[in-house]
Amino acid sequence: MKPEINIIPLPNYLKTEDGEYQITSTSEVSLIIEKAADNGQFKNQLETAFLTAGIQSAETGTPIKVDLRPDSTTSESDEAYTIRISDAGIQLAASNVKGAFYGCITLAQILSKSSGTLPFVTIKDEPAYKWRGFLLDTCRSFFSVSFIKKMLDACALHKLNIFHWHLTDDQGWRFEVPGYPRLTEIGSIRIDHTMPEEEDGFYDEGEKIRRWYTDEEIREVVEYAKIRGIEIVPEVEFPGHVSALLAAYPEYGCTGGPYKVENRWGIFPDVLCLGNDKIFTIFEAALKKIVSLFPGKYIHIGGDECMADRWTNCPKCQARMKAEGISSPAELQTWATIKVTRMVLELGKIPIGWDEVLDNNNKYQAPKELIVQSWRGTEGGIKGVEKNHQVIMSPQTHFYLNLKNRKSFEEPGRLGTTTTAKTYSFCPTAKEMNLKNSELVIGGECTFWSEKIQFSKIAEYLLFPRFCAAAEAMWLKEENKDFKNFTGRLENHKALLNKLDFLFYKGELE
């Protein structure tokens with residue numbers, strides 16, 4: 001029987017030919033890197049790609065020739081690669097290490113599922129979208145550095161290049177800020193849902209650990225991601241979802257408190273007092289710390305689900321509105337968001353905000369550099385491109401992987417159901433966009449919000465295999481997608497997930 005090629009995400013061009021290549025090993029490779037300026041650096045990164053599929057490097061492993069030259073592919077994408085398996089062996093070509101890394105990921109998946117021979121094949125591949133992201137919420141539930149690394153491996157294995165790290169929310173503040181020690185000392189700890197009430201530990205009875213990430217841990221994660229071709233986008237919420245901040249520094253709220261780090265899920269009326277200039281001082285400190293820890297281009301400033309109730313009755317906020325000529329409390333958020341957006345730009349970073357950043361902006365227009373992340377369906381993305389903003393699509397209807405896999409009270413998850421088929425069907429470029437505007441859609445991002453999901457194994461069960469479907473939906477051109485074909489490859493892919501110790505949902509996919 002002719003050996004099959006099972007890859008997720010599927011390459012955009014794959015053609016098998018007559019003939020088979022006998023390989024030395026399915027568990028070890030030997031990389032031969034040609035035409036590279038720094039073979040040592042590149043070799044380490046490419047060997048890491050194979051490690052994501054459990055394949056080691058050894059001199060006696062299956063030989064793979066890697067050609068790294070600027071003119072080795074005809075594509076303009078720096079993530080493009082070509083693979084040729086023939087009687088001459090396995091040859092990989094890419095213009096730089098990004099494309100070579102993804103080529104190695106493809107080969108790693110092929111080898112991991114091989115029984116000793118590979119079909120002759122030609123692969124020419126590049127992603128449909130340059131932004132292929134995954135968000136992990138570490139505020140509602142706190143996840144270990146080791147689990148974050150495991151998910152970075154999963155991102156690399158499925159060719160995702162963005163890790164969106166949700167670091168602050170009502171239920172916890174997860175990084176240190178100089179001059180504001182209570183953000184972590186108080187803002188990281190909440191009272192658990194227990195009887196009698198007790199301080200939230202690390203979910204094991206009687207056990208208590210630190211509930212924030214140290215600078216050293218964050219830098220360790222950043223370096224781990226970098227080797228895997230992944231850029232980390234940190235998120236600091238503004239001006240809502242700030243109960244943890246207010247519990248630590250109640251003077252930044254409209255009422256002065258008392259506040260608490262929330263142990264409930266939902267949206268809360270206590271938000272930052274936009275009439276208090278000191279809120280911008282603390283955010284400037286937080287943003288500067290973010291810049292020192294994360295070398296990437298982007299900072300996410302949140303902006304979603306912010307209630308305006310407190311601003312209506314706050315003398316400071318009312319005075320701000322009068323001074324700025326603002327007609328409504330909702331418009332006050334737009335004024336403040338633009339101020340924080342400019343702070344991010346002045347720090348040399350590109351700001352991203354949830355689609356609410358475009359609401360109530362008749363008086364104030366958001367800077368064009370602000371990237372809009374659409375989560376309330378696709379409407380925010382459509383509005384974003386109409387206003388000439390770059391857009392990331394993350395509709396909760398398709399790309400929220402914390403929803404149930406199927407409708408059943410026995411299944412984990414919340415806020416509804418999203419099947420693997422529904423996730424796979426999503427196209428980041430909405431049909432309502434015209435061709436010119438759709439070019440502003442830079443990609444998509446699947447998200448995992450961790451309310452009620454305090455254990456990483458339950459997170460894995462919810463994530464997979466929808467994580468795989470989302471990755472293919474962002475990599476493949478729309479005309480190349482085929483859910484039936486995907487489900488066939490997925491059955492084979494599950495063996496690899498199992499080998500890599502990922503728990504996954506095994507029920508119906510449609």
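Below: a short report on this structure. Every chain is numbered independently, its residues counted from 1 as its sequence is written. Reporting in this predicted model follows two pLDDT cut-offs: at least 70 for local features of residues, and 80 or more for side-chain atom pairs to be given and counted; totals over whole chains, interfaces and linings ignore these cut-offs and use all residues. Working from all heavy atoms in the structure, the side-chain values ignore hydrogens and water.

1. Quick notes on the environment of Ala 128
Positionally, Ala 128 belongs in the loop between strand E7 (117-125) and strand E8 (131-137). Spatially, the C-alpha atom of Ala 128 lies 30 Å from that of Leu 415, the residues being 287 residues apart in sequence. Contact partners of Ala 128, with chain neighbours within four places excluded, come to Asn 12, Met 474, Trp 475, Leu 476 and Lys 477. The helix count covers DSSP runs of H or I at least four residues long, the strand count covers runs of E at least two residues long, and both are numbered beginning at the N terminus. Should any heavy atoms of two residues lie within 4.5 Å, those residues are considered in contact.

2. Examining the packing of aromatic side chains
Between the rings of Phe, Tyr and Trp (Trp by its six-membered ring), a pair exists once the centres lie within 6.5 Å; its type follows the angle of the planes, with under 30 degrees stacked, over 60 edge-to-face, and the other angles tilted. Applying the stated rule across the entire model yields 26 aromatic pairs. Summarising the aromatic geometry, the rings of Phe 143 and Phe 147 are spaced 5.2 Å apart at their centres and angled 45° between planes, so their arrangement reads as tilted. For Phe 143, a relative accessible area of 2% corresponds to the buried category. Between Trp 354 and Trp 449 the ring centres are 5.9 Å apart and the planes differ by 55°, which places this aromatic pair in the tilted class. Taken together, the residues span a long stretch of sequence, with Trp 354 in strand E14 (residues 350-354) and Trp 449 in the loop between strand E17 (441-448) and helix H15 (456-463) at a distance of 95 residues. Ring pairs connect the aromatic residues Phe 134, Phe 142, Phe 163, Trp 165, Tyr 213, Phe 294, Phe 464, Phe 467 and Phe 502, which therefore count as one cluster. Working rule: Lys NZ or Arg CZ, within 6 Å of ring centre, within 35 degrees of ring normal, means a charge sits over the ring. Over the face of the ring belonging to Trp 475 we find Lys 159, whose NZ or CZ atom lies 5.6 Å from the ring centre. Working definition: with a 1.4 Å probe on protein chains only, accessible area under 20% of the residue-type maximum means buried, over 50% means exposed, and in between means partly exposed.

3. Thoughts on the pairing of strand E15 (residues 371-374)
Across the two faces of E15 the burial is the same, with Ile 371 and Gln 373 and Val 372 and Ser 374 all buried. One requirement defines pairing of two strands: DSSP has to find at least two bridges between them. Examined bridge by bridge, E14 and E15 share 3 bridges and lie parallel to one another. The residue bridging Gly 353 from the neighbouring strand is Val 372, located in E15.

4. Considering the packing of helix H7 (residues 278-293) against helix H10 (residues 329-346)
Between H7 and H10, the least distance of the axes is 11 Å, while the angle of their chain directions is 35°. Of the two elements, H7 crosses H10, and the hand of that crossing is right-handed. Two secondary-structure elements touch here, H7 through Phe 280, Phe 283, Glu 284 and Leu 287 and H10 through Trp 335, Ala 336, Lys 339, Val 340, Met 343 and Val 344. Throughout this entry, Asp, Glu, Lys and Arg are counted as charged residues, while Ala, Val, Leu, Ile, Met, Phe, Trp, Tyr, Cys and Pro are counted as nonpolar. The remaining residues, Gly among them, count as polar. Its residues assigned to classes, the contact of H7 with H10 comprises 8 nonpolar, no polar and 2 charged. Each axis is a line fitted through C-alpha atoms, taken for helices only over the stretch in contact, and angles between the N-to-C directions span 0 to 180 degrees. With the far helix as reference, a near helix turned anticlockwise by less than a right angle produces a left-handed crossing, and one turned clockwise produces a right-handed crossing.

5. Some thoughts on the layout of surface pockets
Here a cavity denotes grid points, spaced 1 Å and computed from the protein atoms alone, that fit a 1.4 Å probe unable to get out, and a pocket denotes an open set having protein on both sides within 12 Å along at least 5 of 7 lines; residues with an atom within 4 Å of a point are the lining. Grid points are joined across faces, edges and corners, and a volume is the space filled by probe spheres set on the points. Considered as a void within the structure, the largest pocket measures approximately 1100 Å³ in volume. Contributing to the lining of the largest pocket are 40 residues, with Asp 78, Glu 79, Lys 98, Lys 130 and Asn 161 lying nearest its centre. At the level of elements, helix H1 (39-51), helix H2 (97-112), helix H5 (215-227), strand E12 (231-235) and E17 are the ones that each hand at least two residues to the lining of the largest pocket. Per-element accounting of the lining of the largest pocket gives the leading share, 5 residues, to H5. Partitioned by chemical class, the residues of the lining of the largest pocket number 21 nonpolar, 7 polar and 12 charged. Put simply, the second largest pocket is a space of about 260 Å³. Every residue lining the second largest pocket is counted, 18 residues in all, and those nearest its centre are Arg 140, Glu 305, Tyr 400, Leu 415 and Glu 451. Of the residues belonging to the lining of the second largest pocket, the class tally is 7 nonpolar, 4 polar and 7 charged.

6. A short note on H15
Turning to H15, its buried residues number three or more, namely Ala 459, Glu 460, Tyr 461, Leu 462 and Leu 463. Where the residues of H15 are buried, they touch E8, helix H3 (145-157), E17 and helix H16 (466-475).

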